[in-house]
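Fold and contact review
Here is what each chain is made of, one letter per residue.
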Amino acid sequence: MATQPHILFVIDNAKDEKALREALGSNYILEFCHDPDSTLDVLASSKPNVVVLNFQADLVSPLAIAHVMRNDPQADYVGLIYISHQEANEWLERAVMAGVDVCLPENRTMLQTTTAIESVLRLCAAKLEVQQMNAKMHSAYERLKSLSFTDDVTGFGNQLFLSNQLRVEFKRAQRYQKHLALLIVRLDGYKPSDILSPMQETLISRIGQTIGSSVRFEIDFSGRSREAEFFVILPETELDGAISVAERVRKKIAKLHSNSKNEQLATSVGVAHFDGDRGNFETFEEFMNTAIVAVKAAQEHGGDQYWALDTSAEEIPEERSA
């Protein structure tokens, strides 16, 4: 059985209460407040569906109460009916501005009161439905937004996250003449496949977690850009610091798994370094491509090593292996 709607009447004439109970008591749960100053306290404790403001007071006005109710961002939506004791129509605009849903004249009939209550209840139900729909849409949007920047295997950033975050960090490094490093980490000997096996997925996830735990929390950014390729963005990090991270990551990954021949996992790391003082890269795309060139060079020269570049020149410097 559905719960009856809860209606709060704020009235200064106690004589009206009896008539309202007789006419509406069978359809609604009625509550009466005869002290307008206590309206907000009663409202907070009783949580009615609709409030009917029908009083005149020197210290507080019905529209002031309506204004307070409508400007409380934490409160649920409550229907508001305002019964005016003024003859002129000037009050109507002010009532609408205060957030009143329905305005009734003082000489209203009981039928008008009942009709107003039912209209406001329908309005409240519609607003609740819209609110719930908006909440679901917002949740779906946040989930889609999260998925679009998050790798579904590792839970860290993906290729889109890399592009967006690197762009932001590169512009910041340019503007404030700061150091910035980018690491591209590739698992040597990995054969790309459209669908990861459960064992591959577990391994990829563990590598992502290992890399994520090897960098500074809430300062550096890590993730998986594709298949068995990962990245690390190191803001305000000089070349030597980036190389230290590359070696630490490489050694930690090596301990994750070994095959029947006791061969450990081998990774190649490409390091690109931006020097804010020298401005050695003009765009973040050039910067990112340099890291890709570096990791490719590391693999082509036998893998299981890092290569570091701090220039966008095509000439690759002498290899720096483990």
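Residues numbered from 1 in each chain as written. Predicted model: local features only at pLDDT ≥ 70, side-chain atom pairs only at ≥ 80, totals over all residues. Heavy atoms only, no water.

This next bit is on the sheet that holds strand β3 (residues 50-54). One open sheet holds the 5 strands; their spatial order is β2-β1-β3-β4-β5, and the pairing between them is parallel. In this open sheet, the two strands that pair with only one neighbour each are β2 (29-33) and β5 (102-105). Averaged over neighbouring strand pairs, the angle between their axes works out to 20° when direction is ignored. Note that strand β1 (residues 6-11) and β2 share 5 bridges and pair parallel. Bridge pairing in β2 places phenylalanine 9 opposite phenylalanine 32. Contacts from helix α1 (residues 15-24) reach β1, β2 and β3 within the one sheet, and its direction differs from that of β2 by about 170°. Of the strands in this sheet, β3 and β4 (79-84) touch helix α3 (residues 62-70), which is tilted by about 165° from β4. (Pairing = 2+ DSSP bridges. Helix = DSSP H or I, 4+ residues; strand = E, 2+ residues; numbered from the N terminus. Axes fitted to C-alpha atoms, helices over the stretch in contact; angles between N-to-C directions. Contact = heavy atoms within 4.5 Å.)

On to the packing of helix α6 (residues 159-176) against helix α9 (residues 284-300), then. The axes of two packed helices give the description: the angle between them and the distance between them. Closest axis-to-axis distance for the α6/α9 pair is 9 Å, and the angle between their directions is 120°. The pairing of α6 with α9 is recorded here as oblique in orientation. Relative to α9, the crossing made by α6 is right-handed. For the pair α6 and α9, the contacting residues are Gln159, Leu162, Ser163, Leu166, Arg167 and Phe170 in the first and Phe284, Phe287 and Met288 in the second. Counted by class, the contact of α6 with α9 contains 6 nonpolar, 2 polar and 1 charged residues. (Parallel < 35°, antiparallel > 145°, perpendicular 65-115°, else oblique. Left-handed = near helix turned anticlockwise from the far one by under 90°. Nonpolar A, V, L, I, M, F, W, Y, C, P; charged D, E, K, R; others polar.)

In the structure shown here, the tally under the stated rule is 12 salt bridges. The residue glutamate 17 makes a salt bridge to arginine 21 at a minimum N-O spacing of 3.0 Å. Of this pair, glutamate 17 and arginine 21 both sit in helix α1, 4 residues apart, roughly one helical turn. The class of arginine 21 is partly exposed, set by a relative accessible area of 40%. The residue arginine 278 makes a salt bridge to aspartate 275 at a minimum N-O spacing of 3.4 Å. By relative accessible area, which is 12% here, aspartate 275 ends up buried. One connected set of salt bridges, linked through shared partners, spans Arg186, Arg226, Glu227 and Glu229. (Salt bridge = Lys/Arg side-chain N within 4 Å of Asp/Glu carboxyl O. Buried < 20%, exposed > 50% of the residue type's maximum accessible area, 1.4 Å probe, protein only.)

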